Structures are given as C-alpha cells and as structure tokens.
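Chain and residue survey
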Amino acid sequence: MSLILFLGILGVLMVIILKKPITGMIGDDYKVVYKLKSAKWFQNHWLGGIFLFAINAVLFFSTGLVLYLLLYFSIPFVHLIVMILAVIVSIFIWVLINHAWQGTKSNRLKMGFLGSSFYVFLTLVLAYQLVTLKSSYPNEDACMGGMIGLVFGIIVTTVAFITCFTITGFSKK
C-alpha cells in the first residue's frame, strides 16, 4: 500500500512539474471550454470557484460510489484502475477549467483556492476522525482498523488539493 501511495504521489508531482506541456496538449478546442468561456457567471471568481468545488465533490463521490460498488465483485486490481482513471479525469477537467477561465491572476488564485478547498475540508474531516478514533471493543488495535486508512486519506486529499490548486489557480501561460 505504501508503494502504491508513493508512486501515486510521485506521478502527481510529475504532473505538477510538467504542467505546461500537459496543458499545451489539451487545447482550447473543446465545447466545454467554449461554453465556460462564454458563460458570464463562470468568469466571476466566486461562482467559478463554487463550480470547481462542486465538480470536485461530484468527482470524489462518484469515484467513491464506483469503488463501493466494486466491493461486491471479486475482480482483482480493478479498484486501482478506477483510482488511476479518476486521477486522470480530474486532471483533465482541471486543465479544461484552467483554459476556460479568463480573469486577473488574483481572481484566478481565488477561484482555484475556493474550488480546491473541497479537499481541505475533506482533509479536516479525516483528521478529525483520526484524532477521535476509538476502538470498537477493548484490546482492539485501532491502528490496523482505521488509522492507516485515515492517514492515507489525509495524504491523498492533501495531494489532490495541491494539484487542483496548482492547475486551476495559476495562469495557463
């Protein structure tokens, strides 16, 4: 599990480092980019940030639902493929939002931070659950039951916040 988490973090860091070539590969020729560019409400940093916040929530909860449904099937390693696809789709959508945003640098930062704050709230919820974690019965090892999963969740949501904010909050130029 640690190796998979480390490889995931390393992959996302490479995406952050190679942000310019990745945003260059995904052009402005998507209908979504045109629609968002022409939508007056999206160019407001508050409404654009709330839109990004909602997109992040939908992406997170739909991935969680798919992973939950996969619990009923005993197909090995499919959950890893779903998580990799979720990261790729998230980064793709964040790049599209980056292309669609037209505004000042400070408003872009506000929009990116507001939209990425979904992952900050999720990190805080996981941290609270970690601090208040209790054993279900006496002599239970809470570390194996929940602590490892919560720590991994905190790491994943922190990396997601940094990645989303970096891609959407900073200029595409």
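Notes on the structure in this doc start here. (Residues numbered from 1 in each chain as written. Predicted model: local features only at pLDDT ≥ 70, side-chain atom pairs only at ≥ 80, totals over all residues. Heavy atoms only, no water.)

**Some words on the packing of helix α4 (residues 45–70) against helix α5 (residues 78–100)**
The cut-off we apply is this: Here, axes are lines fitted to C-alpha atoms. For helices the fit covers the stretch in contact, and angles between N-to-C directions go from 0 to 180 degrees. What counts as a helix is a DSSP run of H or I of at least four residues, what counts as a strand is a run of E of at least two, and both are numbered from the N terminus. Here the word oblique covers every angle except those under 35 degrees (roughly parallel), over 145 (roughly antiparallel) and from 65 to 115 (roughly perpendicular). Left-handed describes a crossing whose near helix is turned anticlockwise from the far helix by less than a right angle; the clockwise case is right-handed. Should any heavy atoms of two residues lie within 4.5 Å, those residues are counted as being in contact. Each residue gets one of three labels, nonpolar for Ala, Val, Leu, Ile, Met, Phe, Trp, Tyr, Cys and Pro, charged for Asp, Glu, Lys and Arg, and polar for the others, Gly among them.
Between α4 and α5, whose axes approach to 10 Å, the crossing angle comes to 170°. Of the possible angle classes, the one that applies to α4 and α5 is roughly antiparallel. Relative to α5, the crossing made by α4 is right-handed. Between α4 and α5, the residues in contact are F51, L52, I55, N56, L59, T63, V66, L67 and L70 and V78, H79, V82, M83, A86, V89, S90, I93, W94 and I97, respectively. Its residues assigned to classes, the contact of α4 with α5 comprises 15 nonpolar, four polar and no charged.

**Overview of a nonpolar patch on the surface**
For clarity, the threshold we go by: Distance thresholds for patches are 9 Å for like charges and 5 Å for nonpolar side chains (Val, Leu, Ile, Met, Phe, Trp, Tyr), applied to residues having over 30% relative accessible area and no salt bridge. Each accessible area is a Shrake-Rupley estimate made with a 1.4 Å probe; only the visible protein chains count as cover when residues are assessed. The salt bridge definition used is simple: a Lys or Arg side-chain nitrogen within 4 Å of an Asp or Glu carboxyl oxygen.
On the surface, L3, F6, L7, L10, M14, I17 and L18 cluster together into a nonpolar patch covering about 710 Å² of accessible area. With respect to the secondary-structure elements, M14 resides in helix α1 (residues 2–17).

**Observations regarding the nonpolar core**
The line we're drawing: What we call a nonpolar core is a set of buried Ala, Val, Leu, Ile, Met, Phe, Trp, Tyr and Cys residues that are connected through their side-chain atoms within 4.5 Å. We call a residue buried when its accessible area falls under 20% of the maximum for its residue type, exposed when it is over 50%, and partly exposed in between, using a 1.4 Å probe and counting protein chains only.
In this structure, F42, L52, I91, W94, V95, Y119 and I167 are the most contacted members of the largest nonpolar core, which totals 25 residues. Counting residues per element, this core draws most heavily on α5, which supplies six residues. When residues no more than four places from it in sequence are discounted, the contact partners of V95 are I22, T23, I26 and I167.

**Description of the packing of α4 against helix α6 (residues 105–131)**
Where α4 contacts α6, the axes come no closer than 8 Å and their chain directions differ by 30°. In this view, α4 runs roughly parallel relative to α6, as classed from their interaxial angle. You can see that α4 and α6 cross each other, and the crossing is right-handed. Between α4, through H45, W46, G48, G49, I50, L52, F53, N56, A57, F60 and F61, and α6, the contact on the second element is made entirely by N107, K110, M111, G112, L114, G115, S116, S117, F118, Y119, F121 and L122. By residue class, the composition of the contact of α4 with α6 is 13 nonpolar, nine polar and one charged.

**Thoughts on α1**
Each α-helix winds once per 3.6 residues, and so residues spaced three or four apart point in a common direction. Basically, it comes down to this: In this analysis, the expected span of each helix is defined as 1.5 Å times one less than the number of residues it contains. Read the arc as the range of directions from the helix axis to the C-beta atoms.
Taking 1.5 Å per residue, 16 residues should reach 22 Å; α1 reaches 22 Å between its end C-alpha atoms and fits that length. Among the residues of α1, those classed as buried are L5, V12 and V15. Buried residues of α1 fall within an arc of 80° about the axis and therefore sit on the same side. Relative to its buried face, α1 has exposed residues pointing more than 90 degrees away, namely S2, L3, F6 and I17.

Interpretation in functional terms is not warranted from these geometric data alone.
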